[in-house]
Amino acid sequence: MRFDIVTLFPEIFDAVTRHGVTARACQRGLWQMHAWNPREVTTDAHRTVDDRPYGGGPGMVMLADPLIKSVQRARAARAEAGALQAAPVILLSPTGRRFEQSMARDLASSEGAILICGRYEGVDQRFIDACVTDEWSLGDFVLSGGEIGALAIVDATVRLLPGALNHGQSAVQDSFDAALSGMLDCPHYTRPEVYEGQAVPAPLLSGHHAQIARWRREQSLRITAQRRPDLIAAARAAGTLSAQDERFLAERGLAPTED
Ligand SMILES: C[S@@+](CC[C@H](N)C(=O)[O-])C[C@H]1O[C@@H](n2cnc3c(N)ncnc32)[C@H](O)[C@@H]1O
């Protein structure tokens, strides 16, 4: 798996290559990352990568040419390395499709992607038309650059690679995973058993596996119904809620209505 990142700030990506799970997975050879700085392919004395917008208005727009050349460099390097040449070229943009776990899962079973980090007011549309295959957003807010979005995509994807997490089951017990019927995770507790008068819930101390699993399932159902009823509706539509789950929701008045 390989990520190529087009960015004016490659050093930001130390966050995933030097720290934590993603760095360890990198050392284990599970993935690699290459950064391409559009400034490096400019030919003018000022290494210009942006200019004022046609039509006027505030801010600057990233020039198409250095971005296109950077993608070409990334594609050539991928081809040389034997990685899939037709990797998707994903532009981080608030106008894009909202990034979610299923997209990380799809990426984790691919050979990776070329991620484009915009800055300023955004990028020249002619670059998008020429090179970009997908536009992904981190959510309904505006960041000052695409780097945080690219980091989120890399992190969410790499931790799903087999062997990335020390405990193989960790990723399949996370929120949104099929093992949880796509629902939210349950609360977690660790030592001490009582902290400032608050005790760990009794089922977790029972040593009884079925009881622990049921408690966790019910907490997942409760939290998901309260915070994300859409995920309960999706699980119901997918047929992944058991009769016992439905009874739990109905008894507590947590079952969302059909509309
Ligand atoms: C200041 S933003 C540009 C916002 C753009 N003018 C708009 O209103 O849609 C600069 C860059 O940050 C990145 N960015 C900002 N918000 C983002 C979000 N929610 N998701 C992904 N990328 C984002 C994009 O790469 C964008 O080109």
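Residues numbered from 1 in each chain as written. Predicted model: local features only at pLDDT ≥ 70, side-chain atom pairs only at ≥ 80, totals over all residues. Heavy atoms only, no water.

- Looking up the chain in an unreviewed UniProt entry gives the name tRNA (guanine-N(1)-)-methyltransferase, with the organism given as Verticiella sediminum.
- Under the heading Function (unreviewed entry), UniProt records this for the chain: "Specifically methylates guanosine-37 in various tRNAs."
- Per UniProt, the chain carries the Catalytic activity (unreviewed entry) text "guanosine(37) in tRNA + S-adenosyl-L-methionine = N(1)-methylguanosine(37) in tRNA + S-adenosyl-L-homocysteine + H(+)". (UniProt positions renumbered as here; feature names shortened; annotations may be inferred.)

### Some thoughts on the overall build of the chain
Then, number 1: Helix and strand counts for the chain come out as 10 helices and 9 strands.
Then, number 2: In terms of overall dimensions, the chain has C-alpha extents of about 70 × 45 × 40 Å along its principal axes.
Then, number 3: Counting the 259 residues in the chain, one finds 41% classified as buried.
Then, number 4: For the chain, the accessible surface area stands at approximately 14,500 Å², while carbon and sulfur atoms represent 51% of it.
Then, number 5: For the chain, the distance from the average position of its 27 positive side-chain charges to the average position of its 32 negative side-chain charges is 4 Å. (Helix = DSSP H or I, 4+ residues; strand = E, 2+ residues; numbered from the N terminus. Buried < 20%, exposed > 50% of the residue type's maximum accessible area, 1.4 Å probe, protein only. Areas by Shrake-Rupley, 256 points an atom, 1.4 Å probe, with all protein chains shown as cover. Lys, Arg positive; Asp, Glu negative; His and termini not counted. Charge placed at Lys NZ, Arg CZ, Asp CG, Glu CD.)

### Things to note about the sheet that holds strand β7 (residues 134–137)
Then, number 1: Strands sit in the order β2-β1-β6-β5-β7 across an open sheet of 5 strands; the sheet is parallel. Two strands close off the open sheet at either side, each with one partner strand: β2 (32–36) and β7. With direction set aside, neighbouring strand axes in the sheet form an average angle of 35°.
Then, number 2: Inspection of the sheet shows strand β1 (residues 2–6) paired to β2 by 5 bridges, in the parallel sense. (Pairing = 2+ DSSP bridges. Axes fitted to C-alpha atoms, helices over the stretch in contact; angles between N-to-C directions.)

### A look at a nonpolar patch on the surface
Then, number 1: On the surface, Phe141, Leu143 and Ile148 cluster together into a nonpolar patch covering about 270 Å² of accessible area.
Then, number 2: As for its placement among the helices and strands, isoleucine 148 is situated in helix α6 (residues 147–158). (Patch = residues over 30% accessible without salt bridge, like charges linked within 9 Å, V, L, I, M, F, W, Y side chains within 5 Å. Salt bridge = Lys/Arg side-chain N within 4 Å of Asp/Glu carboxyl O.)

### Here's the deal with the domain arrangement of the chain
Then, number 1: In terms of domains, the chain is made up of domain 1 (2–158) and domain 2 (175–251).
Then, number 2: Using C-alpha coordinates to define each centre, domain 1 is positioned 37 Å away from domain 2. (Domains from an automatic or database assignment.)

### Focus: the nonpolar core
Then, number 1: Among the nonpolar cores identified, the biggest contains 29 residues, and Phe3, Ile5, Phe13, Trp31, Leu115, Ile153 and Val154 are the most heavily contacted of them.
Then, number 2: Counting only elements with at least two residues in this core, the list comes to β1, β5 (89–98), α4 (101–108), β6 (112–116) and α6.
Then, number 3: Top contributing element to this core by residue count: α6, with 6 residues.
Then, number 4: When near neighbours in sequence (up to four residues on either side) are disregarded, tryptophan 31 contacts Met1, Phe3, Val16, Thr17, Thr22, Ala25, Cys26, Val154, Val158 and Leu161.
Then, number 5: Listed in part, the 19 residues of the second largest apolar core include Leu91, Ile114, Val123 and Cys131. (Core = buried A, V, L, I, M, F, W, Y, C linked by side-chain atoms within 4.5 Å. Contact = heavy atoms within 4.5 Å.)

### Details of the environment of arginine 2
Then, number 1: Along the chain, arginine 2 falls in strand β1.
Then, number 2: Between the C-alpha atoms of arginine 2 and alanine 81, which are 79 residues apart in sequence, the distance is 9.9 Å.
Then, number 3: Apart from residues no more than four positions distant in its own chain, arginine 2 is found in contact with Gln32, His34, Trp36, Ala77, Arg78, Ala81, Ala83, Glu111, Gly112 and Ala113.

### A few points about the environment of aspartate 129
Then, number 1: Mapped onto the secondary structure, aspartate 129 falls in helix α5 (residues 125–131).
Then, number 2: For aspartate 129, a relative accessible area of 58% corresponds to the exposed category.
Then, number 3: Each C-alpha atom of the pair aspartate 129 and alanine 64 lies 10.0 Å from the other, and the pair is 65 residues apart in sequence.
Then, number 4: A distance of 2.8 Å separates a polar atom in the side chain of aspartate 129 from a polar atom in the side chain of glutamine 125. (Polar contact = N/O pair within 3.5 Å; in protein donor to acceptor, adjacent residues only side chain to side chain.)

### Topic: the packing of aromatic side chains
Then, number 1: In the structure shown here, the tally under the stated rule is 2 aromatic pairs.
Then, number 2: Pairing phenylalanine 3 with tryptophan 31 gives two aromatic rings, centres 6.3 Å apart and planes at 75°, and the pair type is edge-to-face. With phenylalanine 3 in strand β1 and tryptophan 31 in the loop between α2 (20–27) and β2, this residue pair connects regions lying 28 residues apart in the sequence. Each member of the pair phenylalanine 3 and tryptophan 31 is classed as buried. (Phe/Tyr/Trp six-rings, centres within 6.5 Å; stacked < 30°, edge-to-face > 60°.)

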